[in-house]
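# Architecture at a glance
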Amino acid sequence: PPSLKGRDCLALSDYTPGEVESLLALALEGKEKLKKGEAWHPLSGKTLAMIFDKPSTRTRVSFEAGMAQLGGHPLALNRQELQLGRGESTADTAQILSGFVDAILIRTHWHSDVKELASYASIPVINGLTDLHHPCQALADLLTLKETKGKLAGLKLAYVGDGNNVLHSLLEAGALTGMHVAAAFPPGYEPDESIVQQAELIAQKTGGMVTWTHDPAEAVAGADAVYTDVWASMGQEEEKEKRMKDFVGYQVDPIMMAKAKSDALFLHCLPAYRGLEVAAEVIDGPQSAVFRQAENRLHAQKALLVMLLGD
Ligand code: CP
Ligand code: NVA
């Protein structure tokens, strides 16, 4: 099978459309194996160090369980319990960890820190969320859509909300798989321009498309899936009040969902705030796939770990 051996996963655009397709195929295979109770231990003897600078439920637990299921060993750490918290440099930490473990997962604030870690590490570095990207989430989202719709190319994925890390990775994921990603965000909450341009360039080659609007109804019209995320990301807690005002009209409620296709999925990376970015009737309703989407973090990331670390 195609391998990504020794590579990093900092952003989804690190990979080609073919590599993403292989990852999804392996994820589906691994999911099948787990459901059948078949053993799959390709990472026996390998260790993944995970550094968390921000809280996490899904990323932490799915990587930890996934590594264990693959026969490997996960090691969850946070900055405060490492010498990093006392000022040891990222560069030194990268080189030290490279001597002990086989890969590093990191969740931190600045994408540039992850790039620096990756440049000094001699082992794969996986981005578990930064201010700019959340590639592992987008892989699970692709898996969820592929499982449900049977294919990705040609689907319309609407994203309604903040132009944040989750949207950035979805733009790249959609472009790589030939989808139309239609984003709606309020003025002042635009996604990063260079990431949008990058996604547009990829989409030109795959037949995908990237569009944006300040009108959520336009983005969700005829969509196969409607996606939203929190209005205030981790680290933006003090902007919460202002954002609640600026995002009026951006809640995914039943009226908004009704503008998408009748079999459209509702997706959210979670954690979710019912009554803010999404109405309870939608996230707890029949079109919501959020728990399967979260479960798919496990399967998508196991495939990623096997392709980065497996022999
Ligand atoms: N979606 C996601 O990354 O969840 P956690 O913050 O719980 O890891
Ligand atoms: N945009 C959110 C995603 C959480 C998984 C954040 O960065 O906090």
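The structure displayed is predicted, hence computed values, not measured ones. (Residues numbered from 1 in each chain as written. Chains lettered and ligands numbered in written order. Predicted model: local features only at pLDDT ≥ 70, side-chain atom pairs only at ≥ 80, totals over all residues. Heavy atoms only, no water.)

### Structural notes on the site of ligand 1
Within the structure, ligand 1 sits among S56, T57, R58, T59, R107, H134, Q137, C269, L270 and R297. One of the side-chain N or O atoms of R58 is found 2.8 Å from an oxygen atom in ligand 1. In the environment of ligand 1, an oxygen atom lies 2.8 Å from a nitrogen or oxygen atom belonging to the side chain of R107. In isolation ligand 1 offers 250 Å² of accessible surface; the protein chains occlude 95% of this area. (Near = heavy atom within 4 Å. Polar contact = N/O pair within 3.5 Å; in protein donor to acceptor, adjacent residues only side chain to side chain. Areas by Shrake-Rupley, 256 points an atom, 1.4 Å probe, with all protein chains shown as cover.)

### Topic: helix 2 (residues 58–69)
Between the first and last C-alpha of helix 2 there are 16 Å, a value that for 12 residues agrees with the 16 Å anticipated at 1.5 Å per step. When helix 2 is considered as a whole, its buried residues turn out to be T59, S62, F63, G66 and M67. Projection of helix 2 onto a plane perpendicular to its axis shows the buried side chains occupying an angular sector of 125°, all on one side. Close packing links the buried residues of helix 2 with strand 1 (47–52), strand 2 (73–78), strand 3 (103–107), strand 4 (125–127), helix 5 (135–149) and helix 12 (290–309). (Helix = DSSP H or I, 4+ residues; strand = E, 2+ residues; numbered from the N terminus. Expected span 1.5 Å × (residues − 1). Buried < 20%, exposed > 50% of the residue type's maximum accessible area, 1.4 Å probe, protein only. Arc of directions from axis to C-beta. Contact = heavy atoms within 4.5 Å.)

### Observations concerning the layout of surface pockets
There is about 520 Å³ of room inside the largest pocket. Along the walls of the largest pocket sit 29 residues, with V230, A232, M234, P271 and Y273 positioned nearest its centre. Elements supplying a minimum of two residues to the lining of the largest pocket: helix 2, helix 6 (165–176) and helix 9 (240–246). Of the residues forming the lining of the largest pocket, the biggest block, three residues, is contributed by helix 9. Both domain 1 (12–133 + 297–309) and domain 2 (137–293) contribute no fewer than three residues apiece to the lining of the largest pocket. By volume, the second largest pocket amounts to about 300 Å³. (1 Å grid on protein atoms, 1.4 Å probe; cavity = no way out; pocket = protein on both sides within 12 Å on 5 of 7 lines; lining within 4 Å. Points joined across faces, edges and corners; volume = space filled by probe spheres on them. Domains from an automatic or database assignment.)

### Let's talk about helix 6
Between the first and last C-alpha of helix 6 there are 17 Å, a value that for 12 residues agrees with the 16 Å anticipated at 1.5 Å per step. Burial analysis of helix 6 places 12 of its 12 residues in the buried class, the great majority of the element. Here helix 6 has its buried residues at N165, V166, L167, H168, S169, L170, L171, E172, A173, G174, A175 and L176. The backbone nitrogen of V166 has a side-chain oxygen 3.0 Å away, supplied by the residue at the start of helix 6, namely N164. Taken from the residues just after helix 6, G178 is the one with a positive phi, measuring 75°.

### Things to note about the site of ligand 2
Inspection of the region around ligand 2 gives L129, H134, N164, N165, V166, D229, V230, S233, M234 and L270 as its neighbouring residues. At 2.8 Å, a side-chain N or O of N165 approaches an oxygen atom of ligand 2. Across the complex, the protein chains shield 94% of the 270 Å² of accessible surface that ligand 2 would expose by itself. For ligand 2, the cavity whose grid points lie within 2 Å of the majority of its atoms is the largest pocket. Its residues assigned to classes, the shell around ligand 2 shows five nonpolar, four polar and one charged. (Sits in = over half its atoms within 2 Å of the grid points. Nonpolar A, V, L, I, M, F, W, Y, C, P; charged D, E, K, R; others polar.)

### Let's talk about the packing of helix 5 against helix 12
At their nearest, the axes of helix 5 and helix 12 sit 8 Å apart, and the two run at 110° to each other. Taken together, the axes of helix 5 and helix 12 are roughly perpendicular relative to one another. Crossing of helix 5 over helix 12 shows right-handed handedness. Taking contact as the criterion, the partners of C136, Q137, L139, A140, D141, L143, T144, E147 and T148 in helix 5 are, on helix 12, R292, Q293, N296, R297, H299, A300, Q301 and L304. (Axes fitted to C-alpha atoms, helices over the stretch in contact; angles between N-to-C directions. Parallel < 35°, antiparallel > 145°, perpendicular 65-115°, else oblique. Left-handed = near helix turned anticlockwise from the far one by under 90°.)

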